[in-house]
Structures are given as C-alpha cells and as structure tokens.
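Chain by chain, the residues:
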Amino acid sequence: MDYGKPIIVPINSIEVAAITSSNTYDFHDRVALVTGGASGIGAATAALLRAGGATVVVADLVVGDAEHALGCDVTDAAAVDTVVDTVVRTHGGLDILVCAAGTPGTVGLPWEIGDEEWRRISAVNLDGTFHACRAAARHMAQRRRGRIVNVASVAGTRGQASLAAYAASKAGVVNLTQSFGVALASYGVLVNCVTPGVIRTPLLEGVDDDALDAMVSRMPIGRMGEPEEVARLIAFLASDDLTFSTGATFDVSAGRTLT
Ligand SMILES: NC(=O)c1ccc[n+]([C@@H]2O[C@H](COP(=O)([O-])OP(=O)(O)OC[C@H]3O[C@@H](n4cnc5c(N)ncnc54)[C@H](O)[C@@H]3O)[C@@H](O)[C@H]2O)c1
C-alpha cells in the first residue's frame, strides 16, 4: 500500500494564525505571576493568560517599564519573596504561578563543565524555581487554592551527554514539581510541569545551526516548536479545567521523549 511521502507536520500561515489565536481558558479574577515572562515561552504564556482575563505580573531580570512587570533575579530568594508579597498586596492574592525563567547550558562534555557554569545553571533553573514555588506555596496553601506550572525541559527527562548541567537542573525541576505537587494536593493547589523540546526562542541564539538541526531531527514531528504551542499547554495546566493531575510532567516535545 502506498501512503505517499512522509511529511513534516507543517506550519503554514493558517496554522501560525491558529497557534497565536487568543482562544484560551477563563482567567477572569485570576492573578498570575510569570517568572521569565519578558521573553519566549514566558512571554507567550503571559499573553495567553492575559487574553483569558487574568491580571498577569511578569518577573524577569530586565522588564523595562511594561505594566505589571517587576525586576527580579530568581536566584535571589529574598527578591522572589518580595515579588510574591508585592503581587499579593497589590492584587489581593496569587492564583497562578508559572516558573519560566531559565538559562541554557554551554554545549560540551560533562567533565568539561566548570564550577561556575554548573552553579550558574543550577542557581537559575533549579534554585530559582524552588524560590518561586516556595514563596507561592506558602500563600496558596493558606488560601487553599492555586495552580503552579514549572517549565522543565525534555532534557530533564534523561541525561544529556552534551548538556549535563542543564539536564540535571531540569531533572531537578521535574522532581521538585512532584514534591510540591504531592505536598500541596490536600491544600487545593495543583503543581505540574511541562517538558518542551526545541522551541523557537532567544534561548537558542547561541546554538549553531548544525546542533539545532541535529536536535530537531530527533523530534518526530520534525520542526521546532513555537512558544505559543507550549503556552497553550501551560494555560490548561494553570486553569480550573485541570482538576485531576498534580506532580505530573506534561510533554510538549514533538515526540522527542520517545526517540
Ligand atoms: N527554547 C527551548 O527550546 C526550550 C526547551 C525546553 C525548555 N525551555 C525552558 O523554557 C523556559 C523559558 O525559556 P525560553 O526558551 O522562553 O527562553 P528565553 O530566553 O526567551 O526566556 C527566558 C527568560 O528567563 C529570564 N531569566 C533568565 N535568568 C533569569 C533570572 N536569574 N531571573 C529572572 N529571570 C531570568 C530571561 O531574562 C528571559 O526573559 C526556560 O526555563 C528554558 O529552560 C526552553
């Protein structure tokens, strides 16, 4: 039987329009905090939550003078506590936390990673996620409601020969999500994470084309993802439509986990 040539699930202009559509969940009366919300996946998520009616506060290293944006380095626990306190005081509560702040690792062998590089990646990706989850959890547990979504990575689902520090930090995020998810379940707070594959954002700027092609070739759908495609999954996990998952890892890697 002839099934024709294999295709790459394409993105044409119609599909891009669908990807960027404002169809979303109802976030009216919800207050969301998005770390790393000034760019890429975080920015796409902030836009989608806003489109659903949420008040969205972005916390990022550089935020300019955007509305509801707070400068914050997530590696600084006290600064993250202050951001959460400010959001609660200013907007009357915090319903949704999305931890998207992250930094890539330098491509190289595990034994070539220097101490400083190891600590830098871990500090942003793992410590930063912990700081934000902890601060939000204290508040959400008292209110007995909330949704937390952490942005891990497909790299965190198994070891990576050329990105060991990044992969370990993201594996930590997956595990941390499980711990917070289990601990907060009886407080009405659901905590989950997503594991994106290669997504077209500024995070990839330092990656050369050959390395990118190699990464994409291992994703069965056969193309890079767009930030909005991750944001839509995050929006679901942040919504009241999510009722029966916590501590879970949701793949958005175009099938990469299976190859
Ligand atoms: N792009 C991808 O292919 C991909 C794949 C898997 C996972 N991810 C993860 O998705 C998340 C979002 O990344 P992105 O691809 O949108 O990249 P991005 O560079 O567009 O966005 C990352 C944001 O995090 C912010 N940030 C970095 N360090 C910070 C710090 N110390 N404090 C506060 N903010 C900080 C940056 O300023 C930036 O706005 C990251 O956690 C990343 O590891 C990305």
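Residues numbered from 1 in each chain as written. Predicted model: local features only at pLDDT ≥ 70, side-chain atom pairs only at ≥ 80, totals over all residues. Heavy atoms only, no water.

Chemist: Whenever I open this one, the overall build of the protein confuses me. Can you help?
Modeler: Each helix and strand in the protein was counted, giving seven helices and seven strands. The N-to-C order of helical and strand elements in the protein reads α-β-α-β-β-α-β-α-β-α-β-α-α-β. The C-alpha radius of gyration computed for the protein amounts to 18 Å, which stays within 12% of the reference 18 Å derived for 259 residues, consistent with globular compactness. Overall size of the protein, expressed as C-alpha extent along the three principal axes, is 60 × 45 × 40 Å. Of all 259 residues assigned to the protein, the portion counted as buried reaches 47%. Sequence-distant contacts in the protein: of pairs separated by 6 or more residues, those separated by 24 or more amount to 73%. Element-wise, carbon and sulfur atoms account for 55% of the exposed surface of the protein, whose accessible area totals about 12,700 Å². (Helix = DSSP H or I, 4+ residues; strand = E, 2+ residues; numbered from the N terminus. Rg over C-alpha atoms; globule rule 2.2 N^0.38 Å. Buried < 20%, exposed > 50% of the residue type's maximum accessible area, 1.4 Å probe, protein only. Contact = heavy atoms within 4.5 Å. Areas by Shrake-Rupley, 256 points an atom, 1.4 Å probe, with all protein chains shown as cover.)

Chemist: Honestly, the site of the ligand in this entry has me stumped. Any pointers?
Modeler: Close contacts around the ligand come from 26 residues, with Ser39, Ile41, Asp60, Tyr166 and Thr201 the closest. In the environment of the ligand, an oxygen atom lies 2.7 Å from a nitrogen or oxygen atom belonging to the backbone of Ile41. One of the side-chain nitrogen or oxygen atoms of Asp73 is found 2.9 Å away from a nitrogen atom of the ligand. With the chains in place, 90% of the 820 Å² that the ligand exposes on its own is no longer accessible. Where the shell around the ligand is concerned, the elements lending two or more residues are helix H2 (40-51) and helix H5 (164-184). (Near = heavy atom within 4 Å. Polar contact = N/O pair within 3.5 Å; in protein donor to acceptor, adjacent residues only side chain to side chain.)

Chemist: Explain the pairing of strand S2 (residues 55-60) here, please?
Modeler: Look at any regular strand and the pattern is simple: side chains alternate between the two faces of the sheet. When you tally the buried positions in S2, you get five out of six residues, the bulk of the element. As paired strands, strand S1 (residues 31-35) and S2 are joined by five bridges and run parallel to one another. Pairing of Thr35 across the sheet is with Ala59, part of S2. Regarding the hand of the β-α-β motif, the stretch spanning S1, H2 and S2 is right-handed. As judged from the three bridges shared by S2 and strand S3 (residues 69-71), these two strands associate in the parallel manner. Residue pairing in the sheet places Ala59 in a bridge with Leu70 of S3. (Pairing = 2+ DSSP bridges. Right-handed = clockwise from strand over helix to strand, strands pointing away.)

Chemist: Mind showing me how you'd approach empty space enclosed by the protein here?
Modeler: Rolled over the atoms, a probe as big as a water molecule pinpoints where empty space is left. Enumeration over the complete set of coordinates arrives at one cavity of 30 Å³ or more. Empty space within the largest cavity amounts to approximately 30 Å³. If you list the elements that add at least two residues to the lining of the largest cavity, you get helix H4 (115-143) and H5. Per-element accounting of the lining of the largest cavity gives the leading share, three residues, to H5. Looking at the lining of the largest cavity residue by residue, the classes come out as six nonpolar, three polar and one charged. (1 Å grid on protein atoms, 1.4 Å probe; cavity = no way out; pocket = protein on both sides within 12 Å on 5 of 7 lines; lining within 4 Å. Points joined across faces, edges and corners; volume = space filled by probe spheres on them. Nonpolar A, V, L, I, M, F, W, Y, C, P; charged D, E, K, R; others polar.)

Chemist: Whenever I open this one, unusual backbone geometry confuses me. Can you help?
Modeler: What is expected of a backbone is that most residues other than glycine have negative phi and most peptide bonds are trans. For Asp29, which is not a glycine, the phi torsion comes out positive at approximately 70 degrees. Relative to the helices and strands, Asp29 is located in the loop between helix H1 (13-19) and S1. Residue class for Asp29 comes out exposed when judged on its relative accessible area of 70%. Unlike most non-glycine residues, Arg144 shows phi in positive territory, near 60 degrees. Counting through the fold element by element, Arg144 comes out in the loop between H4 and strand S5 (146-151).

Chemist: Would you explain the sheet that holds strand S6 (residues 189-196) in this entry?
Modeler: The pairing of strands in a sheet comes from backbone hydrogen bonds and takes either a parallel or an antiparallel form. Taken in spatial order, the seven strands make up an open sheet running S3-S2-S1-S4-S5-S6-S7, and their pairing is parallel. This sheet does not close on itself; its edge strands, each paired only once, are S3 and strand S7 (249-252). Here the average twist between neighbouring strands, direction ignored, is 20 degrees. Docked against the sheet, helix H7 (residues 227-238) engages strand S4 (96-99), S5, S6 and S7, running at close to 165 degrees with respect to S6. (Axes fitted to C-alpha atoms, helices over the stretch in contact; angles between N-to-C directions.)

Chemist: Quick question: what am I supposed to make of the packing of H4 against H5 here?
Modeler: For any two helices packed against each other, the geometry is given by the interaxial angle and the distance between the axes. Running from amino to carboxyl end, H4 crosses H5 at an angle of 15 degrees, the nearest separation of the two axes being 8 Å. Taken together, the axis directions place H4 and H5 in an arrangement best described as roughly parallel. For H4 against H5, the interelement crossing comes out right-handed. On the side of H4, the interface is formed by Trp118, Ile121, Ser122, Asn125, Leu126, Thr129, Phe130, Cys133, Arg134, Ala137 and Ala141, while H5 contributes Ala164, Ala165, Tyr166, Ala168, Ser169, Lys170, Gly172, Val173, Leu176, Phe180 and Leu184. (Parallel < 35°, antiparallel > 145°, perpendicular 65-115°, else oblique. Left-handed = near helix turned anticlockwise from the far one by under 90°.)

Chemist: Quick question: what am I supposed to make of the packing of helix H3 (residues 77-91) against H4 here?
Modeler: Viewed as axis vectors pointing N to C, H3 and H4 meet at an angle of 35 degrees, and their least axial separation amounts to 9 Å. In the packing of H3 onto H4, the handedness of the crossing is right-handed. In this structure, H3 uses Ala77, Val80, Asp81, Val84 and Val88 to contact H4, whose residues at the interface are His131, Ala132, Arg134, Ala135, Ala136 and His139. For the contact of H3 with H4, a count of residues per class yields seven nonpolar, two polar and two charged.

Interpretation note: all reported values are geometric properties and have no functional meaning in isolation.
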